[in-house]
Amino acid sequence: MRPPPGRQPLSKEFIAQHQRARIIAALAEETVTQGYRAVTVADIVRRAGIARNTFYDNFSSKEDCFLAASEFGATEALRRVAAAAAEFDTWPARVNAGLAAFLHHVATEPALARTCIVEALSAGPAAVERYERSIQSFVQLFRLGRKVSPQGEELPDTLEETIVGGLFWIIYQRIVIGQVGQIEELLPELVEFSLTPYIGAEAAKRVAAEQPRTTAG
Amino acid sequence: MAPDPDLPPEQAAEYPPELSRLPPGRHGLPREFVAHNQRERLIAGLAEAIAENGYSGTTIAHITRHAAVSRRTFYEHFSSKDECFVAAYDTVMTKLRERVGEAFDGADDWPHAVKAGIAAMLRFLAAEPNLARLCMVEALVAGPVVVERYDAAIQSFVPYFQSGREGRSQEILARLSPTTEEALVGGMMSLISRRIIAGRTAELEILLPDLVEFTLSPYLGSDEAARVAREG
């Protein structure tokens with residue numbers, strides 16, 4: 001491919017990065033269309049509009065590509081959550097902003113979300129392990145709430161795991177029933193659900209009533 | 001589901017009858033009973049094979065070896081591994097729901113009914129690690145037919161929690177949202193699955209107080225929920 005005149009030719013790294021992203025997007029789209037089990041490398045190659053060799057330059061197998069998609073989706077989600085949360089000073093406001101950014105990400109990248117949140121659970125032990133690590137990252141973020149909670153360490157040990165599990169179940173369900181586009185409407189109730197154990201129902205409701213989306217979008 | 005009249009009562013009490021093994025040393029059984037029992041043995045064989053190899057790694061040869069039946073017998077009962085899995089999944093979930101339902105209905109009030117129901121679920125899963133893995137972890141790997149059943153099974157626990165709204169004050173009801181129960185059930189099931197994946201199925205019952213406090217708090221407030229959770 002010739003670079004356009006008057007521009008620096010694209011670096012090999014840039015092209016490689018771009019190709020990977022394109023292949024990952026193709027895998028996610030094919031996964032949504034036919035379910036992960038049925039997807040073949042040929043489907044991915046066709047959807048991405050690349051040569052079969054290019055696929056194998058980047059990934060060793062369909063499974064390898066799926067793991068890269070999971071990795072990309074999870075890393076990107078956490079990056080957005082962290083960026084949105086960083087705009088606020090208090091932990092409850094950070095949760096509100098972080099969850100808003102997460103739901104926004106899920107709603108605007110439905111294929112990637114389905115791949116990472118629904119299909120990952122059936123894509124073999126390595127994918128399940130990657131999913132588990134994402135859950136664990138969110139668990140750690142919620143654990144910070146114990147510092148602002150009057151009950152602190154008296155809260156049940158497994159509280160964060162159940163909160164994060166509950167949030168992911170709601171998102172999973174909305175993806176499965178095809179309502180992921182409206183997922184952002186659930187923000188206030190999910191924020192309330194997540195914050196109530198730490199700061200009480202009234203304070204949680206107040207935080208949930210603030211709309212952080214304008215800055216997080 | 002009524003207990004299988006063909007099975008010895010001591011087995012029917014301890015182990016889901018559909019999954020019990022053919023009692024040793026009994027012969028000359030009526031043909032119908034053997035056929036019925038072969039199906040059960042295949043289901044138990046599937047659960048064992050999956051515990052060893054995972055769903056994807058399990059072959060029909062693994063199943064028939066664990067069940068000690070011929071390949072031909074397998075195909076007399078099921079057309080594929082997937083079909084055998086669906087039968088196994090339905091059998092286990094029916095049993096689990098039955099246990100939870102009985103425990104829930106036997107309690108004096110709603111908070112204790114929730115506690116009894118969760119306790120029954122944890123006890124069943126902890127005592128049957130192969131079945132626990134089958135219905136809480138491998139079900140998600142076993143293809144769209146089972147995944148749909150899994151989703152429906154999880155959602156079937158939602159009404160137990162919804163009934164906790166009855167008779168609550170306006171103040172409490174205002175705190176609950178349309179998705180509260182789904183989030184509670186999802187959170188509970190997610191925690192249980194993660195413990196099973198981590199190989200800690202035998203310890204599931206220690207989660208009881210935490211899960212009771214988590215699920216009752218929205219309805220009773222955290223102090224009262226913690227009190228019910230920690231009662232003997």
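Everything below is about the structure shown above.
Let me sum up the structure you'll find in this document. Predicted, not measured: the structure shown is a model, and the values here were computed from it.

1. Comments concerning the overall build of chain B
Logical step 1: Looking only at helices and strands, one finds 13 helices and zero strands in chain B.
Logical step 2: For chain B, the α and β elements follow one another from N to C terminus as α-α-α-α-α-α-α-α-α-α-α-α-α.
Logical step 3: Relative to its full complement of 232 residues, chain B shows a buried share of 56%.
Logical step 4: Within the structure as shown, chain B displays about 10,300 Å² of accessible surface, and the carbon and sulfur contribution to it stands at 53%.

2. Quick notes on the packing of aromatic side chains
Residue and element names in this part refer to chain A.
Logical step 1: Taken as a whole, this structure holds 18 aromatic pairs over all chains when the rule is applied.
Logical step 2: Ring geometry for Y36 versus F66: centroids 4.4 Å apart, planes at 50°, classification tilted. You can see Y36 sitting in the loop between helix 1 (12-34) and helix 2 (41-48) and its partner F66 sitting in helix 4 (residues 62-85), a full 30 residues away along the chain. Judged on exposure class, the residue Y36 and its partner F66 are both buried.
Logical step 3: Among the aromatic residues, ring-to-ring pairing joins F102, Y131, F138 and F168 into one connected group.

3. Thoughts on the side chain of E30 of chain A
Residue and element names in this part refer to chain A.
Logical step 1: Among the structural elements, E30 can be located in helix 1.
Logical step 2: For E30, a relative accessible area of 10% corresponds to the buried category.
Logical step 3: E30 has contacts with G35, V39, D43, I44 and R47, leaving out every residue within four places of it along the chain.

4. Quick look at the interface of chain A and chain B
Logical step 1: Chain A puts 31 residues into the contact, and the matching count from chain B is 35 residues.
Logical step 2: Across the interface of chain A and chain B, roughly 2,500 Å² is buried in total on both sides, 55% from carbon and sulfur atoms.
Logical step 3: Applying the counting rule to chain A against chain B returns five salt bridges.
Logical step 4: One salt bridge in this structure joins R195 of chain B and E161 of chain A, with 2.8 Å as the shortest N-O distance.
Logical step 5: The tally of links from chain A across to chain B stands at 13 residue pairs in polar contact (both at pLDDT 80 or more).
Logical step 6: At the level of secondary structure, the elements contributing two or more residues to the side of chain A that touches chain B comprise helix 7 (125-143), helix 8 (159-176), helix 9 (187-199) and helix 10 (201-209) of chain A.
Logical step 7: The dominant element in the side of chain A that touches chain B, judged by the number of residues it contributes, is helix 8 of chain A, at twelve residues.
Logical step 8: Per-class residue counts for the side of chain A that touches chain B are 14 nonpolar, eight polar and nine charged.

5. Some details on the packing of helix 8 of chain A against helix 11 (residues 180-197) of chain B
Logical step 1: One way to put it is that helix 8 of chain A packs onto helix 11 of chain B with a least axis distance of 7 Å and a crossing angle of 110°. Put simply, helix 8 of chain A runs roughly perpendicular to helix 11 of chain B. As for the relative orientation of helix 8 of chain A and helix 11 of chain B, their crossing is right-handed in sense. Each of E161, T162, G165, G166, W169, I170, Q173 and R174 of chain A in helix 8 of chain A lies in contact with helix 11 of chain B, whose residues at this interface are E182, A183, G186, G187, M188, S190, L191, R194 and R195 of chain B.
Logical step 2: Class assignment for the residues of the contact of helix 8 of chain A with helix 11 of chain B results in five nonpolar, seven polar and five charged.

6. Let's talk about helix 8 of chain A
Owing to its 3.6 residues per turn, the α-helix brings residues three or four apart onto one side.
Logical step 1: Between its first and last C-alpha atoms helix 8 of chain A spans 26 Å; for 18 residues at 1.5 Å apiece the expected length is 26 Å, and the two agree.
Logical step 2: Just downstream of helix 8 of chain A lies G178 of chain A, where phi reads positive at about 75°.

7. Observations concerning a nonpolar patch on the surface
Logical step 1: Residues L10, F14 and I15 of chain A make up a contiguous nonpolar surface patch of roughly 270 Å² in combined accessible area.
Logical step 2: Examined against the element boundaries, F14 of chain A turns out to sit in helix 1.

8. Quick look at helix 6 (residues 110-118) of chain A
Logical step 1: Residues L112, A113, T115, C116, I117 and V118 of chain A constitute the buried set of helix 6 of chain A.
Logical step 2: The secondary structure elements touched by the buried residues of helix 6 of chain A are helix 1, helix 4, helix 5 (91-108), helix 7 and helix 8 of chain A.

9. So, the side chain of E161 of chain A
Logical step 1: The topology assignment puts E161 of chain A in helix 8.
Logical step 2: Beyond its immediate sequence surroundings of up to four residues, E161 of chain A is in contact with V139 of chain A together with S190, L191, R194 and R195 of chain B.

10. Details of the environment of L96 of chain B
Residues and elements named next belong to chain B.
Logical step 1: With respect to the element layout, L96 can be found in helix 5 (residues 81-105).
Logical step 2: A sequence separation of 58 residues divides L96 from Q38, and the C-alpha atoms of the two residues are 22 Å apart.
Logical step 3: Discounting residues that sit within four places of it in the chain, L96 has contacts with M121 and F124.

11. Here's the deal with unusual backbone geometry
All names here are of chain B.
Logical step 1: Even without glycine at this site, A68 takes up a positive phi of about 55°.
Logical step 2: Mapped onto the secondary structure, A68 falls in the loop between helix 3 (60-67) and helix 4 (71-77).
Logical step 3: Among the residues examined, A68 registers a relative accessible area of 56% and is labelled exposed.

12. Regarding the nonpolar core
All names here are of chain B.
Logical step 1: By size, the foremost hydrophobic cluster in this structure holds 137 residues, and its most contacted members are F85, Y89, L134 and I192.
Logical step 2: The leading source of residues in this core is helix 5, at eleven residues.
Logical step 3: Apart from residues no more than four positions distant in its own chain, F85 is found in contact with L46, I50, Y55, L134, E138, A139, A142 and V146.

13. Regarding the pattern of salt bridges
All names here are of chain A.
Logical step 1: Following the criterion strictly, the structure yields 28 salt bridges over all chains and no others.
Logical step 2: With its nearest N and O atoms 3.6 Å apart, the salt bridge here joins R114 to E119.
Logical step 3: The exposure class of E119 is buried, given its relative accessible area of 10%.
Logical step 4: We note a salt bridge from E129 to R133, for which the minimum N-O separation is 3.9 Å. Highlighted residues: E129 and R133, both in helix 7, separated by four residues, approximately one helical turn.
Logical step 5: Taking the relative accessible area as the measure of exposure, R133 reaches 40% and is therefore partly exposed.
Logical step 6: Connected via shared salt-bridge partners are E71, E129, R130 and R133.

About the cut-offs
Along each chain, residues carry numbers from 1 onward, in the same order as the chain's sequence is written. Working convention: letters from A go to chains and numbers from 1 go to ligands, in the order in which they are written. Local features in this predicted model are restricted to residues of pLDDT 70 or higher, and side-chain atom pairs are both shown and tallied only at a pLDDT of 80 or more, whereas totals for entire chains, interfaces and linings draw on every residue. Side-chain descriptors were evaluated using all non-hydrogen atoms of the structure, hydrogens and water having been removed beforehand. Segments assigned H or I by DSSP are reported as helices when at least four residues long, segments assigned E as strands when at least two residues long, and all are numbered from the N terminus. Relative accessibility thresholds used throughout: buried, under 20% of the residue-type maximum; exposed, over 50%; partly exposed, between the two (1.4 Å probe, protein chains only). Surface accessibility follows the Shrake-Rupley procedure with a 1.4 Å probe radius. Residue values consider only the protein chains on display as shielding. Put simply, two rings from Phe, Tyr or Trp (the six-membered ring, in Trp's case) pair if the centres are within 6.5 Å, and we call them stacked under 30 degrees between planes, edge-to-face over 60, tilted for the rest. Every residue pair with non-hydrogen atoms within 4.5 Å of one another is taken to be in contact. By convention, the term buried area covers the 1.4 Å-probe accessible surface removed from two parts as they join, with the contributions of both added. Each reported salt bridge corresponds to a side-chain nitrogen of Lys or Arg within 4 Å of a carboxyl oxygen of Asp or Glu. Definition of a polar contact: a pair of N or O atoms within 3.5 Å, with one able to donate and the other able to accept a hydrogen when the atoms are protein atoms, and with sequence-neighbouring residues admitted only if both atoms are side-chain atoms. Nonpolar residues are Ala, Val, Leu, Ile, Met, Phe, Trp, Tyr, Cys and Pro. Charged residues are Asp, Glu, Lys and Arg, and all others, Gly as well, are polar. Comment: axis = line fitted to C-alpha atoms, over the contacting stretch for helices; angle = value between 0 and 180 degrees taken between N-to-C directions. Geometric relationships in this document are graded by angle, where less than 35 degrees denotes roughly parallel, more than 145 denotes roughly antiparallel, 65 to 115 denotes roughly perpendicular, and other angles denote oblique. Take the far helix as the reference: if the near one is turned anticlockwise from it by less than a right angle, the crossing is left-handed, and if turned clockwise, right-handed. An expected span of 1.5 Å times one less than the residue number is assigned to each helix. By definition, no residue in a patch forms a salt bridge, and every one has over 30% relative accessible area; like charges are joined within 9 Å, nonpolar side chains (Val, Leu, Ile, Met, Phe, Trp, Tyr) within 5 Å. Here, nonpolar core refers to any group of buried Ala, Val, Leu, Ile, Met, Phe, Trp, Tyr and Cys residues whose side-chain atoms link them within 4.5 Å.

Everything listed here is a matter of coordinates, which is why it stays silent on function.
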